[in-house]
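Take a look at the letters that make up each chain.
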Amino acid sequence: MRGLTDMTMRVQVRQLDPELPLPAYARPADAGLDLYARTTATLRPGERGLVATGIAIALPEGYAAFVHPRSGLATRHGVTTLNGPGTVDAGYRGEILVNLINHDPQQAFTIERGDRIAQLVVQRVETIEWDPVDSLPDSVRGETGHGASGGFAGA
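Counting of residues starts from 1 at the beginning of each chain's written sequence and follows it residue by residue. Local features in a predicted model are, by the rule used here, given only for residues with pLDDT of at least 70; side-chain atom pairs are given and counted only at 80 or more, and totals for whole chains, interfaces and linings are based on all residues. Note that the side-chain values use all heavy atoms of the structure and ignore hydrogens as well as water.

Quick look at the pattern of salt bridges
Basically, it comes down to this: Between Lys or Arg on one side and Asp or Glu on the other, a salt bridge is scored when a side-chain nitrogen of the former is within 4 Å of a carboxyl oxygen of the latter. Only DSSP runs of H or I covering at least 4 residues are called helices, and only runs of E covering at least 2 are called strands; the numbering of each starts at the N terminus. A simple rule labels every residue: compare its accessible area, found with a 1.4 Å probe on the protein chains alone, to the largest value its type can have, and call it buried under 20%, exposed over 50%, or partly exposed in between.
Counted according to the given criterion, the structure contains seven salt bridges. In this structure, the salt-bridge partner of Glu 19 is Arg 113, at a minimum N-O distance of 3.4 Å. Note that Glu 19 is positioned in the loop between β1 (12-15) and β2 (33-36) and Arg 113 in the loop between β10 (109-111) and β11 (116-124), a separation of 94 residues in sequence. A relative accessible area of 69% places Glu 19 in the exposed class. One continuous salt-bridge network, built from bridges that share partners, spans Asp 17, Glu 19, Arg 38, Glu 95 and Arg 113.

See the structure below:
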């Protein structure tokens with residue numbers, strides 16, 4: 001388990017289900033904390049659903065938490081987050097819910113209470129002000145996008 005360092009930020013957490021563990025890092029250098037399912041739910045092929053995590057948090061202003069999918073669920077079962085990453089704003093105080101979808105074309109998937117269903121990554125976010133201009137400065141990339149750099153056979 002990680003120890004407190006100069007880079008550690010303390011975040012208030014409300015444990016709505018004290019029988020579930022608090023989100024935790026699986027390994028010392030991991031970026032995401034594992035989120036656990038508060039309830040059991042079955043997703044049929046193509047079905048989506050919100051799964052409660054049993055926690056609510058109070059992030060400081062200037063930060064947001066992002067709910068990312070778990071690669072193992074996606075690889076092994078075709079289950080991932082629908083709006084990944086989902087954004088948890090600093091002002092939100094409700095329970096964190098994970099919007100999961102089952103992309104497997106044939107198999108239903110059951111999430112059991114206590115399963116690790118997603119990862120929570122906390123990041124600093126900047127507040128911006130728009131500066132309307134008639135043109136943007138040149139860059140190496142310019143206006144190319146959506147596959148313009150290739151990388152696939154036949155591209």
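Details of the environment of Ser 149
Structurally, the position occupied by Ser 149 is in the segment after β11. With 106 residues separating them along the chain, Ser 149 and Leu 43 place their C-alpha atoms 37 Å apart.

A look at the sheet that holds strand β4 (residues 48-52)
This is how the line gets drawn: Two strands pair if DSSP finds at least two bridges between them. Lines fitted to C-alpha atoms define the axes here, with helix axes fitted over just the stretch in contact, and angles between the N-to-C directions of these axes take values from 0 to 180 degrees.
Across the sheet, which stays open at both edges, the three strands sit in the order β4-β9-β7 with antiparallel pairing between neighbours. Edge strands, defined here as strands with exactly one partner in the open sheet, are β4 and β7 (79-81). Neighbouring strand axes in the sheet, compared pairwise and without regard to direction, differ in orientation by 35° on average. By the bridge criterion, three bridges tie β7 to strand β9 (residues 97-102) in an arrangement that is antiparallel. When the bridges of β9 are listed, Thr 81 appears paired with Leu 100.

Some remarks on the packing of aromatic side chains
Just so we agree on the cut-off: Any two of the Phe, Tyr and Trp rings considered here, Trp counted by its six-membered ring, make a pair once their centres fall within 6.5 Å; the pair's planes then place it as stacked at under 30 degrees, edge-to-face at over 60, or tilted in between. To sit over a ring, a charge needs its Lys NZ or Arg CZ within 6 Å of the ring centre and within 35 degrees of the ring normal.
As enumerated under the stated definition, the model contains zero aromatic pairs in all. Directly above the aromatic system of Tyr 63 lies the positively charged group of Arg 124, at a separation of 5.4 Å from the ring centroid.

Comments concerning the side chain of Glu 95
Applicable threshold: Identification of polar contacts relies on pairs of N or O atoms within 3.5 Å, with a donor-acceptor requirement for protein atoms, meaning one able to donate a hydrogen and the other able to accept it, and with residues adjacent in sequence counted only if both atoms are side-chain atoms. Note on contacts: a residue pair qualifies if any of its non-hydrogen atoms lie within 4.5 Å across the two residues.
Relative to the helices and strands, Glu 95 resides in the loop between β8 (86-89) and β9. Take Glu 95: its relative accessible area is 18%, and that puts it in the buried class. Within the structure, the side chain of Glu 95 is placed 3.4 Å from the backbone nitrogen of Thr 53, a separation counted as a polar contact. With residues up to four places along the chain from it excluded, the contact list for Glu 95 reads Leu 16, Arg 38, Ala 52, Thr 53, Gly 54, Ile 55 and Ala 56.

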